[in-house]
Amino acid sequence: MLTKILWFLVAVLLFFNIYVFVSNLRMGEEIRAFDKKIVLLRQENLDLETKIFKLNSYENIASIAAQLNFVKKEMPVYLEDLKYAYKN
Amino acid sequence: MPIRTRLFFGFFLILFILIIFKLFYFQILNHSSENIIDNLSEKKILPQRGKIFDINNQPLVLNNNNYQLYLEPKKIGEKDDLIKKLSKILTIDEASLSAKIDEKKDWIAVGIVDKEKKERIESLKISGLGFEYLIKRDYPEASIAAHLLGFVGKNYQGDDVGYFGIEGYYDKDLAGLPGFLKSEKDLLGRPILMGKQEMIEPENGRDLILAIDKNIQAMIKEKLKIGISRYQAESGCVIVVNPKTMAILSLVCLPDYDQKKYFLFSEEYFRNPVISDLYEPGSIFKPLVMAAAINEKKIKPDDFLEENGPVKIGEYLIRTWDNKYEGKISMTRILQKSSNVGMVYVGEKLGKDKLYSYLEKYGFGQLTGIDLQGEIAGYLRPKNSWYPIDFSTVTFGQGIAVTPIQMIRSFASIINGGYLLRPYVVAKIRDQDGKEKIIKPQVERRIINEISSSIIKKMLIEVVEGGEVKWARPKGYTLGGKTGTAQIPIEGHYDPNKTIASFIGFSSAAPSPFLALVILRQPKTSPWGSETAAPLFFEIAKELLIYYNIAPENP
């Protein structure tokens, strides 16, 4: 009877050991996949951040203006004599 | 015990003893770290370098994903095909790419590519090509402030290091601290959960928020570019500061360089002339001496001097710039017509000892402490090595070498109530948790009192309003300033044809006062500051007044 119980315990422990081992492997694999995903997300985040800021940059505006054939204004008009504006 | 059981136990006993011996060998007899960390992977996690923003949180320097494209020549198939395809994407000619490929080598770095190019190369499915991930600096506004920002290069160990400007000065803050990941892995490289796991998170570099305004910087760069071309100058610089705080609002020097391709430029392009070059300031120095004499109560603005001809100092004759003499002139008129003879009189009134002590107080020959890498202090010769002529010429800014930043700082002190401040570029430092450290203006000492400061300010306003050259000034605004034309000393004498033309001017209009120094080196259309640097200053001032939305005082 005692031998049977011992064998049963050994079998349970063996099964448990295999189970822990396999779940360990699976979890390790998941961690590796998540690590990879985190790296990719960080890179993507950096890419998006750069894109957002570039959209607002003078460089981008200048290149769009060139594409649209905008002409540079040679002499800007300033409101030099503001007396007229103040009268009204 | 049956013999089979004994044999069974004996077998395991021998195995057990062998394992003990092996462990004893590895841990005691042949102890080395390699044996222990065979399955312990240690990875350095690089921090992200801090970003740099302008005062409105608009980015000037960012980080971007890049990839080092490498080749393993032993693994490539058709070499000609590879060269043809790669040269198209990388825009390198086939001959130079072919010369790079040394088939004896195991690994060759081909170049750094962005994500888009990487994807295009990957789609070609060429064997023997690989990519290594890199983070590189990115400049959304290109080289809008190259001298100010500096660039990131490599040190001997191959690590990123900031050089010049902000990148150099704040390298430690920007670089951050690397993290480490130590983890036990199995043969397939998977982490062993029950094994040793240790992670030290990297600390990203701190972000810097500058006092610079991107819009002003872009406008000034454009104006300076036009100015240099219009006056056919060799180079030029414009610095704009808030005279009350000495916060640098804009700093542009041309010619500059492309920070992304810094390796294509020689080192002389990296020097920021504003902090690393010495020059004789010329007449823009006069208000400093005048302010000192007023502060010492040696003269008053309405005091008069008889300007009847050149003044003799030892064997030298000092003349006015146009060799014209007006007779009885006031102190204000001395500044208006930029009279060297008048300034010699002011210097004599002040006295040699006081004059020298004011030069020290203004900070000449000392570092200003600006937060940019590469500043030089210059040199103020010891007083006992000065000849009488030196005390005379220094009153009109010749015979003394200063950096433009020293000049603008000392000038700010005479119009801000007398305070000499430390100039600064970085207004805030932000860590990765978003905590901000605000950089406050730092007063070093007081040089002149409030009354003297307001007197000299009024005199400088009169210089602009009553000056002989009628500049295209923005109407309705009160601006003060002084022109300067300094000759360049070459081999012991001054070259009459080569000058440094400058103008230093200010607007005190609240809430955005500004002080700007314009320097043009060797302009060819005219050697005079009044005909080159001054008009450029007024163009810039006009734009600044509009940008700051300052209404005219006398509409």
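Undergrad: Honestly, the overall build of chain B in this entry has me stumped. Any pointers?
TA: What chain B contains, in helices and strands, is 18 helices and 23 strands. Relative to the 2.2 N^0.38 estimate, which gives 24 Å for 555 residues, the radius of gyration of chain B is 33 Å and therefore markedly larger than a compact globule would have. Each of the three principal axes of chain B carries a C-alpha extent, and together these read 130 × 55 × 50 Å. Across the 555 residues of chain B, 40% fall into the buried class.

Undergrad: Hey, could you run me through helix 1 (residues 2–55) of chain A in this one?
TA: In an α-helix, one full turn covers 3.6 residues, which means residues spaced three or four apart are oriented alike. Between its first and last C-alpha atoms helix 1 of chain A spans 78 Å; for 54 residues at 1.5 Å apiece the expected length is 80 Å, and the two agree. Within helix 1 of chain A, only one of the 54 residues are buried, which leaves the element largely exposed.

Undergrad: Please clarify how the pairing of strand 12 (residues 247–254) of chain B should be interpreted in this entry.
TA: For a regular strand, side chains alternate in direction, first toward one face of the sheet and then toward the other. All names here are of chain B. For strand 12, the buried fraction is high: seven of the eight residues fall into the buried class. Where strand 11 (residues 235–242) and strand 12 come together, seven bridges link them in antiparallel fashion. Residue pairing for strand 12: Asn242 is matched across the bridge by Ala247. Once strand 11 ends, the chain turns through four residues before running back antiparallel as strand 12, passing Met246 with a positive phi of about 65°.

Undergrad: I keep staring at the environment of Arg409(B) and nothing clicks. Help me out?
TA: Relative to the helices and strands, Arg409(B) is located in helix 16 (residues 404–415). Look past the residues within four positions of Arg409(B) in its chain and what remains in contact with it is Met246(B), Gly363(B), Thr368(B), Leu420(B), Leu421(B) and Pro423(B).

Undergrad: Looking at this structure, how should I read the domain arrangement of chain B?
TA: Residue and element names in this part refer to chain B. One can read the domain layout of chain B as domain 1 (44–140 + 171–205) and domain 2 (214–258 + 270–547). Relative to domain 2, the C-alpha centre of domain 1 lies at a distance of 48 Å. With eight residues of domain 1 in contact, the opposing surface of domain 2 contributes four residues. When its residues are assigned to classes, the side of domain 1 that touches domain 2 shows two nonpolar, three polar and three charged.

Undergrad: I'm lost on the confidence of the model for chain B in this one. Help?
TA: Low-pLDDT stretches of the model should not have their predicted coordinates read in fine detail. Taken as a whole, chain B shows an average pLDDT of 87; of its residues, 94% reach a score of 70 or greater. If you check the scores for this complex, the pTM reads 0.83 and the ipTM reads 0.70.

Undergrad: I'm lost on the sheet that holds strand 11 of chain B in this one. Help?
TA: Pairing between sheet strands relies on hydrogen bonds along the backbone, with the strands arranged either parallel or antiparallel. Residue and element names in this part refer to chain B. With respect to topology, five strands assemble into an open sheet ordered 12-11-23-22-21, the strand pairing being antiparallel. Each edge of the open sheet is held by one strand with a lone partner, namely strand 12 and strand 21 (479–490). Going across the sheet, the axis of each strand differs from the next one's by a mean of 15°, ignoring polarity. With 12 bridges joining them, strand 21 and strand 22 (residues 493–507) adopt antiparallel strand pairing. Bridged to Ile488 within strand 22 is Asp495. The strands touched by helix 17 (residues 450–466) are strand 21 and strand 22; relative to strand 21, the strand with the most contacts, the crossing angle is about 80°.

What counts, and at which threshold
Residues numbered from 1 in each chain as written. Chains lettered and ligands numbered in written order. Predicted model: local features only at pLDDT ≥ 70, side-chain atom pairs only at ≥ 80, totals over all residues. Helix = DSSP H or I, 4+ residues; strand = E, 2+ residues; numbered from the N terminus. Rg over C-alpha atoms; globule rule 2.2 N^0.38 Å. Buried ≥ 20, exposed ≤ 12 C-beta atoms within 10 Å, placed from the backbone. Expected span 1.5 Å × (residues − 1). Pairing = 2+ DSSP bridges. Contact = placed C-beta atoms within 7 Å. Domains from an automatic or database assignment. Nonpolar A, V, L, I, M, F, W, Y, C, P; charged D, E, K, R; others polar. pLDDT = per-residue confidence, 0-100. Axes fitted to C-alpha atoms, helices over the stretch in contact; angles between N-to-C directions.

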